[in-house]
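# Structural overview for review
For reference, the chains in residue letters:
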Amino acid sequence: MWYYLTRPPKNIKLLIDEEATKNNIDEALLLWLPSRIKPKITELIVFYSGHGLANPDEKELYLLAHDSKTAFKLLPKTALMRSELFDEINKLKPKSVTLFFDTCFSGSTREDESLLVDAKPIRILSSHAANIPDNFTVFSSSLLNQISSGFKEAKNGLFSYYLMKGLEGKADANNDRKITNQELYVYLNKNISVKATELGREQNPELIGKPNKVIMVYK
């Protein structure tokens, strides 16, 4: 995903594999990011690909780091709460925020293996979108009770693969050289749902944000 960003490298923070520890994520969020955000000017993009879990009462969603512990008592100390990510970003007052999450919170991996012995599919949370700021756009790879599939042929997640294809221009439905949130969502939902069905699964991406907002302009 980061290859598609055209900003100077100093404005891109990349954490992959063993570098994506909880400490490094906290450092990026609490120290690096504030030094790069200009209030009301910066347009921030966050891309996360990895595992997620919900706590037992299903009121909080966690993004797992490379060294996170999946025992529920340790999640608050070793994983990043999604609401915390939103809150810390919102404090910096960027002009806009676009977040892409190639993850699911069903307690299972792309290979349908359980992250926890007692993991169970979670229900759709009624408060899921309630506290997301107005200038945030959130694309999620699947609904909260679905598994986000991998795409072995592309060596990527199904969501990530079609996200990159869509941003290359395939999501530009009216060929005006602009891609709106809604155009990207429609493209993702159509292609991901069909491919997931071929894999014997159900997967539907989710969009929270303004449908008509332009997310990409290309030449």
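Here, the structure is the one placed above.
Source: prediction; values computed, not measured.

## Quick word on the side chain of Glu-183
When you line up the elements, Glu-183 lands in helix α5 (residues 181-198). Lys-178 provides the closest opposite charge to the buried, unpaired Glu-183, separated from it by 9.8 Å. Polar side-chain contacts of Glu-183 include one of 3.0 Å to the backbone nitrogen of Thr-180. The contacts of Glu-183, once residues within four sequence positions are left out, are Ala-171, Asp-172, Ala-173, Asn-174 and Lys-178.

## Side note on the pairing of strand β6 (residues 136-140)
Most of β6 is tucked away, with five of its five residues classed as buried. Along β6, one buried face is formed by Phe-136, Val-138 and Ser-140 and the opposite face, lined by Thr-137 and Phe-139, is buried too. Judged from the five bridges that link them, strand β5 (residues 96-102) and β6 form a sheet pairing that is parallel. Bridge pairing links Leu-99 to Val-138 in β6. The sheet contact formed by β6 and strand β10 (residues 206-208) spans three bridges and is antiparallel. Among the inter-strand pairings, Phe-139 is bridged to a residue of β10, identified as Leu-207.

## Regarding the packing of aromatic side chains
Across all of its chains, the model carries seven aromatic pairs by this definition. Ring geometry for Phe-151 and Tyr-162: centres 6.3 Å apart, planes at 15 degrees, overall stacked. Placement of Phe-151 in strand β7 (residues 150-151) and of Tyr-162 in helix α4 (residues 158-170) is noted, with a sequence separation of 11 residues between them. A residue is classified by how much of its surface remains accessible, and Phe-151, at 9% relative accessible area, is buried. The class of Tyr-162 is buried, set by a relative accessible area of 12%. By the ring-pair criterion, three or more aromatic residues cluster together here, those being Phe-151, Tyr-161, Tyr-162 and Tyr-187. In this structure, Arg-82 is placed above the aromatic ring of Phe-101, and the distance from its NZ or CZ to the ring centre is 5.3 Å.

## Quick notes on α4
Over its 13 residues, α4 runs only 15 Å from end to end, short of the ideal 18 Å by more than 12%, given 1.5 Å per residue. Along α4, the positions that sit buried rather than exposed are Leu-158, Phe-159, Ser-160, Tyr-162, Leu-163, Met-164, Gly-166, Leu-167 and Gly-169.

## Section: the environment of Lys-13
Following the sequence through the fold, Lys-13 ends up in the segment before α1 (22-32). Here the alpha-carbon distance between Lys-13 and Val-46, two residues 33 residues apart in the chain, equals 9.5 Å. Residues in contact with Lys-13, not counting those within four places in the same chain, are Ala-28 and Trp-32.

Rules used throughout
Residues numbered from 1 in each chain as written. Predicted model: local features only at pLDDT ≥ 70, side-chain atom pairs only at ≥ 80, totals over all residues. Heavy atoms only, no water. Helix = DSSP H or I, 4+ residues; strand = E, 2+ residues; numbered from the N terminus. Buried < 20%, exposed > 50% of the residue type's maximum accessible area, 1.4 Å probe, protein only. Lys, Arg positive; Asp, Glu negative; His and termini not counted. Salt bridge = Lys/Arg side-chain N within 4 Å of Asp/Glu carboxyl O. Polar contact = N/O pair within 3.5 Å; in protein donor to acceptor, adjacent residues only side chain to side chain. Contact = heavy atoms within 4.5 Å. Pairing = 2+ DSSP bridges. Phe/Tyr/Trp six-rings, centres within 6.5 Å; stacked < 30°, edge-to-face > 60°. Lys NZ or Arg CZ within 6 Å of the ring centre and 35° of its normal. Expected span 1.5 Å × (residues − 1).

In short, the description is geometric, and any link to function would need to be established separately.
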